[in-house]
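Close look at the chain arrangement
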Amino acid sequence: MIPDAYYKNIFAIDYKRLKELGIKNLFFDIDNTVIPYFEKEISKETKSLFNNLKNDFCVFLFSNSRKKRVYSIANELGVDSYYSSMKPLKRNYKKIMNMFKKNECVFIGDQFMTDVLGAKRNGLKVIFVNKLKDKEPITTKFWRILEKHYLKKYKKYGLFNIDEFYDRIKTI
Ligand SMILES: [Mg+2]
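This one's a predicted model, so the numbers in the text were calculated from it and none came from an experiment. (Residues numbered from 1 in each chain as written. Predicted model: local features only at pLDDT ≥ 70, side-chain atom pairs only at ≥ 80, totals over all residues.)

**Focus: the overall build of the chain**
- Helix and strand counts for the chain come out as six helices and seven strands.
- Computed over the C-alpha atoms, the radius of gyration of the chain is 15 Å, within 12% of the 16 Å expected from 2.2 N^0.38 for a compact globule of 172 residues.
- Projected onto its principal axes, the C-alpha coordinates of the chain cover approximately 40 × 35 × 30 Å.
- Pairs at least 24 apart in sequence give 66% of the contacts found in the chain among residues at least 6 apart. (Helix = DSSP H or I, 4+ residues; strand = E, 2+ residues; numbered from the N terminus. Rg over C-alpha atoms; globule rule 2.2 N^0.38 Å. Contact = placed C-beta atoms within 7 Å.)

Below, the structure written as structure tokens:
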């Protein structure tokens, strides 16, 4: 369950490299990856990032959030979306894997127990980013307790260190 790459945030990701590696589809988590929880206003910087990304990739939102929130954010960013995706369950990843080539997709998110686990157990590439803000709903706080447990273990075995950024994405 180790992410293929780890960046500070979505702005730090080396998208040029992803493109060179043949990545065609980017799937972004929403909450605390693209926009903080409980916020509706998407920043200018995020909008402009997505506008640039759309020139080089097919960009999607892949979120456990409800339809209304996902649709309004997707609409504002001008991208397609998957809502109530039930990460890390396999069901909704399968839909994507039927429509796209697995090795041309990258998932991007801020949670180990949903974003990273969900992608990895489906054999998909995933980039982990730091959460935007500390304020999170109770379900996420629950996932964070498990995440903390794993992070501690990974640190002990030298597998993953918080704030040690890397990118090990390769073509398959
Ligand atoms: Mg999130």
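**Comments concerning the sheet that holds strand β1 (residues 5-7)**
- The seven strands lie next to each other as β4-β3-β2-β5-β6-β1-β7, forming an open sheet whose pairing is mixed. Edge positions in the open sheet fall to β4 (80-82) and β7 (166-167), since each of these has one partner strand only.
- Summarising the sheet, strand β3 (residues 58-62) and β4 pair through three bridges and their orientation is parallel. From the neighbouring strand, Phe62 faces β4, where its bridge partner is Tyr82. (Pairing = 2+ DSSP bridges.)

**A closer look at unusual backbone geometry**
- Here the amide bond leading from Lys87 into Pro88 is cis, since omega sits at 5°, within 30 degrees of zero.
- Within the element layout of this structure, Pro88 appears in the loop between β4 and α4 (91-99).
- The phi dihedral of Asp163 falls on the positive side, at around 70°, and the residue is not glycine.
- For Asp163, the position within the fold is in the loop between α6 (138-156) and β7.
- On the basis of neighbour count, Asp163 is assigned to the exposed category, with 7 C-beta atoms found within 10 Å. (Buried ≥ 20, exposed ≤ 12 C-beta atoms within 10 Å, placed from the backbone.)

**Comments concerning the nonpolar core**
- Membership of the largest hydrophobic core comes to 33 residues, with the highest contact counts inside it found for Leu26, Phe28, Phe107, Ile108 and Ile127.
- Put simply, the parts of the chain that give this core at least two residues each are β1, β2 (25-28), α2 (44-56), β3, α3 (67-77), β5 (105-109), α5 (112-120) and β6 (125-129).
- Sequence-distant contacts of Phe107, that is, excluding residues within four places in its chain, are made with Phe27, Phe62, Asp115, Ala119, Leu124, Lys125 and Val126. (Core = buried A, V, L, I, M, F, W, Y, C linked by C-beta atoms within 7 Å.)

**As for the environment of Asp115**
- Following the sequence through the fold, Asp115 ends up in helix α5.
- Here the alpha-carbon distance between Asp115 and Ser63, two residues 52 residues apart in the chain, equals 9.1 Å.
- Setting aside residues no more than four positions away along its own chain, Asp115 makes contact with Asp29, Lys87, Phe107, Gly109, Asp110 and Val126.

**Quick notes on α3**
- Of the positions making up α3, those classed as buried are Val70, Ile73, Ala74 and Leu77. The buried residues of α3 all sit within an arc of 100° when viewed along its axis, so they share a single face. Opposite its buried face, α3 presents the exposed residues Lys67, Lys68 and Asn75, each directed more than 90 degrees away.
- Against the buried residues of α3 lie α2, β3 and β4. (Arc of directions from axis to C-beta.)

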